[in-house]
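What follows is the residue order along each chain.
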Amino acid sequence: MNKCLWTPSESRINQSNIKAFTEFLVQHHHYPEHQVDYPSLHTWSLTNKESFWKAIWEFFGVQGDMGKVILNNGDKMPGAQWFPEAQLNFAQNLLKANSSDNSIAIVERGEHGRREEISFLQLKDQVSKIRKFLINQDVQKGDCVAGFLPNSHYAIVAMLATASIGAIWTSCSPDFGIQGVLDRFQQTQPKVLFACDGYYYANKTIHTLDKITAICESLENLSSCVIVPYLNIQDQRDLSTKTLWTNLLNIETPELVFEPMPFNAPLYVMYSSGTTGKPKCIVHTAGGTLLQHLKEHALHTDVKAGTHLFYYTTCGWMMWNWLVSGLSLGARIILYDGSPFHAKNTQLFDLIDEEQIEIFGGSAKYYAACEKFELAPKKTHNLDSLTSVLSTGSPLSHESFQYLYDHVKEDICVSSISGGTDIISCFALGCPILPVYQGELQCIGLAMDIAFVDDQGQELEQDKGELICRQSFPSMPSGFWNDADGTKYHDAYFSRFENIWAHGDYGEVIQHQNETNQVTQLGVMIHGRSDAILNPGGVRIGTAEIYRQVEKVPAVFESIAIGQNWKDDVRIILFVRLQDGKVLDDILINEIKTSIRTNTTPRHVPSKIIQIADIPRTISGKIVEVAVKKVVEGLPVNNTEALANPEALNLFKNLPELQKD
């Protein structure tokens, strides 16, 4: 049994959004008054899914016309249609809270000292002006508008202006290479591109105007490019073919109009990582995104009006879209652009105190790095405002859970969350009224009918398996871009098990019971991606199980494991990136193997351990086991522009250690 690290106080439970929502269900949706525990609420949300999502609309006061029909073809995946008669506008719902006063909507921070506040009134004003520009460029419903922008208010304004028209927003962060951008935007063919003149990272100023010129020349349908002066540096190049953002704001404020759109109208096109082929263009709907994010922010994260909400992300990761939706509840969104460890390793913890952040989010790799850097914010910072810490990108290890409670703050809800770009949301995540158990995601999301199954699709109640979802939910993609007959969409999620979403994660459900054997909590552990599962001797092993033990070793900074095909079987190869000045010798190899063998099984112990100088990762920070496996086996890796450090793949080519026993 995993150790319980935190239990919510009675006052926290009583003041939570989820308690207020449960009381609303009792009053308006025949929810049994005595069933106020989370497992009962989750079960009710599955057996009464139409009532549940209708209640989400009502409880949060969604602006729009719900219509009378909640769900058509509810037993079909794909094929279910949520709120088929409904009309709403996504931007209107993000701007409805506090839009008539000067409360702060966005605080923008940067590693170079940038700080800017945008009130809800200012946000609304800028959205109306950018909206007018888009209309003048003949942007209409269903057209794509793209952003090549840092994590800034510029991206939020441009997205909301796009959504107000009923057009579609798609974005990449400016650290993408030219080909990486074109692999995405050439598929969606935006009519307008918003792009920055450069950005800052790790004490470097990176100019992007030459990159933008090359991108614009390769986008056939582009009618206009808007340059955002993020660097505020005078550039002498001819920008006569571009439009300057500042000029768009120097007009009288027009009336801000929101175009009513069908619930299932496309809002975002998001992209898969693209490391195993050209990125998939995943289309997400306005209504599905809005309802799912309202549920997750308010009920699972306890975001309220005025909450100071932060997530370390870029515009190329779905967590940006998730973060921005906090505006719908009147939260103050804290943005940060730049390196999380510049100019000092405590940069983001400084931000918590300076901006009084209450809910703080980052990647599991970020927290692991903080531990390796031996940061102890509990001793060096105040952190009085901090109530919750969120983590995603990869499984948060047991040790990182413990680190956050030992060295950051004791009284916080640490919520590891898991879902992804595919659903622009989470299958399993946090809950402010449940205990936190080491290594576990606190719960399965409300109205998310997930299970873990074996290769035949049989549910595994006490074992590890493939994550599936057995019922439709509003934030399922409407499909893929340029996939008219839905074949690519079907093959991606529904080809393995009929009428069931197969997500591609490998994990298990952990059951917690009280003294009378009543289930009090169903936690979740994610052990890695299914396509990266190791299979030595036919035994399935999740890579996260190995990483957890390896990265306990102080000399190891990070690691990556793959399965190498070898003599009609698979052998585990572990690559380790060590702390500066450390060398992989027999003593360290034995320490790593002992840690793995003692805490897992002999099957988990790698056949070979090899020191490596760097580990390739996507721009959003995820390590890429599949790409490394391809390199080791001499296969090509497509679209390396999706990687933050593609040169690292060369370190794995033709290694002599892998050519022998």
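Before reading on, note that the structure itself is shown above.
Conventions and cut-offs
Residues numbered from 1 in each chain as written. Predicted model: local features only at pLDDT ≥ 70, side-chain atom pairs only at ≥ 80, totals over all residues. Heavy atoms only, no water. Helix = DSSP H or I, 4+ residues; strand = E, 2+ residues; numbered from the N terminus. Rg over C-alpha atoms; globule rule 2.2 N^0.38 Å. Contact = heavy atoms within 4.5 Å. Areas by Shrake-Rupley, 256 points an atom, 1.4 Å probe, with all protein chains shown as cover. Lys, Arg positive; Asp, Glu negative; His and termini not counted. Charge placed at Lys NZ, Arg CZ, Asp CG, Glu CD. 1 Å grid on protein atoms, 1.4 Å probe; cavity = no way out; pocket = protein on both sides within 12 Å on 5 of 7 lines; lining within 4 Å. Points joined across faces, edges and corners; volume = space filled by probe spheres on them. Nonpolar A, V, L, I, M, F, W, Y, C, P; charged D, E, K, R; others polar. Pairing = 2+ DSSP bridges. Buried < 20%, exposed > 50% of the residue type's maximum accessible area, 1.4 Å probe, protein only. Salt bridge = Lys/Arg side-chain N within 4 Å of Asp/Glu carboxyl O. Polar contact = N/O pair within 3.5 Å; in protein donor to acceptor, adjacent residues only side chain to side chain. Core = buried A, V, L, I, M, F, W, Y, C linked by side-chain atoms within 4.5 Å. Axes fitted to C-alpha atoms, helices over the stretch in contact; angles between N-to-C directions.

## Some words on the overall build of the protein chain
In terms of regular secondary structure, the protein chain is built from 20 helices and 34 strands. The C-alpha radius of gyration computed for the protein chain amounts to 24 Å, which stays within 12% of the reference 26 Å derived for 661 residues, consistent with globular compactness. Contacts in the protein chain between residues far apart in sequence, at least 24 positions, make up 70% of those at least 6 positions apart. Surface exposure of the protein chain reaches about 25,400 Å², of which carbon and sulfur atoms provide 46%. Here the protein chain holds 55 positive side-chain charges and 76 negative ones, and the gap between their average locations is 3 Å.

## What to know about empty space enclosed by the protein
This structure, assessed with the given rule, holds 2 cavities of 30 Å³ or more. In this model, the largest cavity occupies a volume close to 70 Å³. Lining the largest cavity we find L88, N89, F90, A163, G166, A167, M261, A265, P266, L267 and A286. Grouping the constituent residues of the lining of the largest cavity by class yields 9 nonpolar, 2 polar and no charged. In this structure, the second largest cavity occupies an estimated 40 Å³ of space. What lines the second largest cavity is R12, H300, T301, S388, C413, S415, C431 and P432. Grouping the amino acids of the lining of the second largest cavity by side-chain chemistry returns 3 nonpolar, 4 polar and 1 charged.

## Looking at the sheet that holds strand β26 (residues 443–444)
Pairing is antiparallel in the open sheet, where 3 strands are placed in the order β23-β24-β26. Each edge of the open sheet carries a strand with a single partner, namely β23 (418–420) and β26. Pairing between β23 and strand β24 (residues 425–429): 3 bridges, direction antiparallel. Residue G419 lies in a different strand from β24, and its bridge partner there is C426.

## As for helix α13 (residues 347–355)
A large share of α13 lies buried, amounting to 7 of its 9 residues. One or two residues past the end of α13 sits Q356, with phi positive at roughly 55°.

## Brief notes about the pattern of salt bridges
Counted under the stated rule, the structure contains 27 salt bridges. Measuring nitrogen to oxygen at the nearest pair gives 2.7 Å for the salt bridge that ties E355 to R109. Residue E355 is found in helix α13, and its partner R109 is found in strand β6 (residues 104–110); the two are separated by 246 residues along the sequence. With respect to class, E355 is no different from R109; both count as buried.

## Points about the side chain of T208
Tracing the backbone through its elements, the reader meets T208 in the loop between β12 (204–207) and α9 (209–217). The exposure class assigned to T208 is buried, which follows from its relative accessible area of 1%. At 3.1 Å, the side chain of T208 forms a polar contact with the backbone nitrogen of G198. When residues no more than four places from it in sequence are discounted, the contact partners of T208 are F148, P174, C196, D197, G198 and Y199.

## Observations regarding the nonpolar core
Counting 100 residues, the largest nonpolar core has F83, L123, L134 and F194 as its most contacted members. Sorting elements by how many residues they give to this core places helix α7 (residues 153–165) first, with 10 residues. Not counting chain neighbours up to four residues away, the residues in contact with F83 comprise W53, K54, W57, M66, V69, I70, L71, F263 and L291. Judged by nonpolar contacts, the second largest core, of 38 residues, contains Y547, V553, A561 and A627.

## Overview of the layout of surface pockets
Roughly 1,300 Å³ of volume is contained in the second largest pocket. Considering the residues around the second largest pocket, the lining is formed by 47 residues, among which Y201, Y312, P340, R617 and G621 are closest to the centre. Taken together, the elements giving at least two residues each to the lining of the second largest pocket come down to β11 (198–201), β19 (332–337), α14 (364–372), β32 (556–566) and β33 (569–578). Ranked by residues supplied to the lining of the second largest pocket, first place goes to α14 with 5 residues.

## Looking at the sheet that holds strand β22 (residues 413–416)
Sheets are built from strands that pair by backbone hydrogen bonding, the pairs being arranged parallel or antiparallel. Taken in spatial order, the 7 strands make up an open sheet running β7-β6-β19-β18-β20-β21-β22, and their pairing is mixed. Two strands in the sheet have a free side with no partner beyond their single neighbour: β7 (115–119) and β22. The average undirected angle you get between the axes of adjacent strands in this sheet is 15°. Bridge count between strand β18 (residues 308–311) and β19: 3 bridges; the pairing is parallel. By the bridge assignment, H308 is partnered in β19 with R332. The strands that α13 touches are β6, β7, β18, β19 and β20 (359–363); relative to β19, the one it contacts most, it runs at about 150°.

## Focus: the environment of E33
Structurally, E33 is set in the loop between α2 (17–28) and α3 (38–47). Of the residues examined, E33 reaches a relative accessible area of 62% and is grouped as exposed. Linking E33 and E23, residues 10 residues apart in sequence, is a C-alpha distance of 7.9 Å.

## Examining the pairing of β20
Among the 5 residues that make up β20, 5 are buried, leaving the element largely enclosed by the rest of the structure. Going residue by residue along β20, you find I359, G361 and S363 tucked away on one face and F360 and G362 tucked away on the opposite face as well. Where β18 lies against β20, 3 bridges are found, and the strand directions are parallel. Residue pairing for β20: Y311 is matched across the bridge by G361. Across 5 bridges, the pairing between β20 and strand β21 (residues 388–392) is parallel. Opposite I359, over in β21, you have S388 as the bridge partner.

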